[in-house]
Amino acid sequence: MRLIVQKFGGSSVANSERLLNVARIITDTYKTGNSVIAVVSAQGDTTDDLIEKAKEINPHASKREMDALLSTGEQISASLLAMAIESMGFPVISLNGRQCGFATDSNHSNARIKKVDTERLERELDKKNIVIVTGFQGVNRFDDITTLGRGGSDTSAVAIAAAMKADLCQIFTDVDGVYTADPRLVPSAQKLEEISFDEMLELASCGAQVLHNRSVEMAKKYNVKLEVCSSLERVPGTKVKEVTRMEKLLIKGVAKDDDVVRIAVIGLPDKPGIAFKIFSMLASKKINVDIILQSIGRDGTKDITFTVPIDSCDAALELLKAEQDVLRAHSIEVDTDVTKVSIVGAGMASNPGVAAKMFEALYEANINIQMISTSEIKISVLICKDQGVKAMNALSETFIK
Ligand code: ADP
Ligand code: ASP
Ligand code: MG
C-alpha cells in the first residue's frame, strides 16, 4: 500500500465548497488503496485576519502569544475537513501539530522542525484512518506552540513525508504547477513539467511563494518525491526532483521579492574590520543579510549598503543606531521602495553572457539597477518597487519566450 501526503493551501480550503472538493480529492486517493495524510493551511486570508485582530489589541504582542493565536487558523481547517470526510462515510481523524509529534526549536514565528515523532500517525494509519494534520505548527521543548513562518504548511507536509517515508508528497494549490514566473503577474510564463530541487530552492528563496523554501530544502535532503498541482483542476502538475531532463531553457524562472529593504551605512572609516563588525552584529540577532555593496566615499570613508527582509528592518536599524557612534558612521539610511528581481537557472553557470543579456533587457525597459548579486545559478538585481512587474515581464520575454 502506498502512503501519500497531500497538502492543501489556504485558497484550496477557503470555504465549505472548497473543503468538500478537497475531501473528494482525499477520499478518491484513499479509495484507490492508498493511505493518506492530508496537511492543511488556514482558510483563505484567516492568518492575515488574525494578525490584524492581534494588532488591534496589542501591536507589540509577544511572539509566543502570536503563535498561539495563528495556530488556530489551521485547527479550524483541519477539523472542518475531517467533518466533511466523516459526512462522506470515511474513517478520519484530525490532529494538531502537537498531537502528531512536531517538535520544533523555540524560535517563535519562524521555528525549525527538529523531529516528527510518527508514533501517533502510524497508529492512526494502522487503524485505516485518513489523517488530517494542521500545517504550519509544532511545539517547543517547553510544550509551547510554535509556528514555522508564513507559508510554512508546505514544510509541515514535506517533514511528514520525510519522517513517514511516504511514496509521494503532493502540494495542492490554486495554480496547476510551478511556472517560469508567477503566472498572475507574467502572462508569458510557462508551466514546467519538472524542476530540480536546487532551482526550485533558489526560486522559492527569491520570492516565488508557490513553495516554502524550507520545504524544498527538506525535500532535497530526504529525497522526498514532490509534486505541485492544482486542487481545482485535475491536470498533471510539476515534479520537483534531484535531476531533471536537459531542457532548452537556460533560465528556469524569474521571481520577485517585495519584502526587502535597503539599508545604507554612510561615511564609515575606511579601515579593516568594519564590515566584520556590522555583519557579525546583525548575525548575532539572526538577521539575514542578502545583497551587499561596499563603495568608496569621500575623505577616507566608505559606505556599506545591504538588503534585509522587511520584517528584520526595525531590528537591524535599532542595532545599527545603537552602535552608530562606535562604528563612527556618519548616517544610516533606509529605502523601503525597492524590490528584488532574480533570474534562476542551473544552465547559466556554463553560459557566459547571461548577466549582460539580463542587464540589456532591463536597460531596454528603462529600468535602473541599484544593486546586483550573482551566484552559480542566479542573478538578482535590486530595483525600484513599482518597476518590479515590468522587469519580470521584460526578463520573461528575453529568456523564456
Ligand atoms: P497556497 O495558499 O496554496 O499555499 P500560495 O499563495 O502560497 O498558495 O502559492 C501559490 C501562488 O504562488 C500562486 O497563486 C501564484 O500567484 C504564486 N506564484 C509565485 N511564483 C510562482 C511560480 N513561479 N509558479 C507558480 N505560482 C507562483
Ligand atoms: N497559514 C499560514 C500562512 O498563511 C501557513 C500557510 O499557509 O502555509 O502563512
Ligand atoms: Mg503557500
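You'll find the structure just up there.
Heads up: these notes are all about the structure in this document. (Residues numbered from 1 in each chain as written. Chains lettered and ligands numbered in written order. Predicted model: local features only at pLDDT ≥ 70, side-chain atom pairs only at ≥ 80, totals over all residues. Heavy atoms only, no water.)

Quick notes on the overall build of the protein chain
Thinking step 1. Along its length, the protein chain carries eleven helices and 20 strands.
Thinking step 2. Relative to the compact-globule value of 21 Å for 401 residues, the protein chain shows a C-alpha radius of gyration of 23 Å, a close match.
Thinking step 3. Along the first, second and third principal axes, the C-alpha atoms of the protein chain reach 75 × 50 × 35 Å.
Thinking step 4. Evaluated residue by residue, the protein chain yields a buried proportion of 53% over its 401 residues.
Thinking step 5. Once local pairs closer than 6 in sequence are excluded, the contacts in the protein chain between residues at least 24 apart make up 75%.
Thinking step 6. Here the protein chain has roughly 19000 Å² of accessible surface; of this, 49% comes from carbon and sulfur atoms. (Helix = DSSP H or I, 4+ residues; strand = E, 2+ residues; numbered from the N terminus. Rg over C-alpha atoms; globule rule 2.2 N^0.38 Å. Buried < 20%, exposed > 50% of the residue type's maximum accessible area, 1.4 Å probe, protein only. Contact = heavy atoms within 4.5 Å. Areas by Shrake-Rupley, 256 points an atom, 1.4 Å probe, with all protein chains shown as cover.)

Some thoughts on a nonpolar patch on the surface
Thinking step 1. Residues Ile76, Leu80 and Met83 make up a contiguous nonpolar surface patch of about 260 Å² in total accessible area.
Thinking step 2. Along the chain, the position of leucine 80 falls in helix H3 (residues 63–87).
Thinking step 3. Classification of leucine 80 as partly exposed rests on a relative accessible area of 34%. (Patch = residues over 30% accessible without salt bridge, like charges linked within 9 Å, V, L, I, M, F, W, Y side chains within 5 Å. Salt bridge = Lys/Arg side-chain N within 4 Å of Asp/Glu carboxyl O.)

Describing the site of ligand 2
Thinking step 1. Taken together, Ser41, Ala42, Thr47, Glu74, Phe136, Arg150, Gly151, Gly152 and Ser153 form the complete shell of residues around ligand 2.
Thinking step 2. Between ligand 2 and threonine 47, the relevant distance is 2.8 Å, taken from a nitrogen atom to a side-chain nitrogen or oxygen of the residue.
Thinking step 3. For ligand 2, an oxygen atom lies 2.9 Å from a polar atom in the backbone of glycine 151.
Thinking step 4. Alone, ligand 2 offers 260 Å² of accessible surface; in the complex the protein occludes 86% of this.
Thinking step 5. In terms of residue class, the shell around ligand 2 is made up of two nonpolar, five polar and two charged. (Near = heavy atom within 4 Å. Polar contact = N/O pair within 3.5 Å; in protein donor to acceptor, adjacent residues only side chain to side chain. Nonpolar A, V, L, I, M, F, W, Y, C, P; charged D, E, K, R; others polar.)

Focus on the packing of aromatic side chains
Thinking step 1. All told, the structure shown has three aromatic pairs when counted by the stated rule.
Thinking step 2. Ring plane angle 15 degrees and centroid distance 4.8 Å describe the contact between phenylalanine 8 and phenylalanine 172, whose orientation is recorded as stacked. Here phenylalanine 8 is found in strand E1 (residues 3–8), whereas its partner phenylalanine 172 is found in strand E9 (residues 168–173), with 164 residues between them in sequence.
Thinking step 3. Relative accessible area serves as the criterion here: at 0%, phenylalanine 8 is assigned to the buried category.
Thinking step 4. Relative accessible area serves as the criterion here: at 6%, phenylalanine 172 is assigned to the buried category. (Phe/Tyr/Trp six-rings, centres within 6.5 Å; stacked < 30°, edge-to-face > 60°.)

Section: the pattern of salt bridges
Side-chain pairing between opposite charges can occur once the charged atoms of the two side chains come close.
Thinking step 1. Within the structure shown, the criterion is met by 23 salt bridges.
Thinking step 2. Here lysine 55 and glutamate 52 are joined by a salt bridge, their closest N and O atoms 3.7 Å apart. With a gap of three residues between them, lysine 55 and glutamate 52 both fall in helix H2 (residues 46–57), about one helical turn apart.
Thinking step 3. Residue class for glutamate 52 comes out partly exposed when judged on its relative accessible area of 44%.
Thinking step 4. Across the salt bridge formed by aspartate 144 and arginine 64, the nearest N and O atoms sit 2.9 Å from each other. Within this pair, whereas aspartate 144 is found in the loop between strand E7 (137–139) and strand E8 (145–147), its partner arginine 64 is found in helix H3, the two being separated by 80 residues in sequence.

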